[in-house]
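Structural features, examined
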Amino acid sequence: MAKAYWIARVNVTDPEAYAGYMALGPAALIAGGGTLLSRGGRSVALEGPEPFERTVVIEFPSMEAALACHASPAYSAARAQREGAAEVEILIVEGLD
């Protein structure tokens, strides 16, 4: 079974409100089987548009695990805290076997 990678691009628009997401989000991702590989480190655009302020990469054991984590009550609660505090794009990519 191939691993899956959750790639999130984030521009924080309200740091105070985003703190509510940070209090819940990482723990929900880890509880859902995720391993945080990158969380907002330096990034450089070599081709295409400039990167968002933060790029997050999380490894999951499978596509199904990544999708289940996103739909979980714990991550749903975290997303509710993030509402209106950031511009977010999330993509889940299946890895190679």
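Structure report, in brief.

What counts, and where the lines are drawn
Residues numbered from 1 in each chain as written. Predicted model: local features only at pLDDT ≥ 70, side-chain atom pairs only at ≥ 80, totals over all residues. Heavy atoms only, no water. Buried < 20%, exposed > 50% of the residue type's maximum accessible area, 1.4 Å probe, protein only. Helix = DSSP H or I, 4+ residues; strand = E, 2+ residues; numbered from the N terminus. Arc of directions from axis to C-beta. Contact = heavy atoms within 4.5 Å. Phe/Tyr/Trp six-rings, centres within 6.5 Å; stacked < 30°, edge-to-face > 60°.

Some words on helix α2 (residues 63-71)
Three or more residues of α2 are buried, namely Met63, Ala65, Ala66 and Cys69. Down the axis of α2, the smallest arc covering the buried residues is 165°, so these residues share one side. Among the exposed residues of α2, those pointing more than 90 degrees away from its buried face are Glu64 and Ala71. Elements in contact with the buried residues of α2: β1 (4-12), α1 (15-31), β3 (54-60), α3 (73-82) and β4 (86-94).

Comments concerning the packing of aromatic side chains
Scanning the entire structure with this criterion turns up four aromatic pairs. Aromatic pair Tyr18 and Tyr21: ring centres 5.4 Å apart, planes at 40°, arrangement tilted. One end of the pair is Tyr18 and the other is Tyr21, both in helix α1 and three residues apart, which spans about a single turn. Summarising the burial analysis for this pair, Tyr18 and Tyr21 share the class buried. Where Tyr21 meets Tyr75, the ring centres are 6.1 Å apart and the plane angle is 85°; that geometry is what we call edge-to-face. Of the two residues, Tyr21 is situated in helix α1 and Tyr75 in helix α3; the sequence distance between them amounts to 54 residues.

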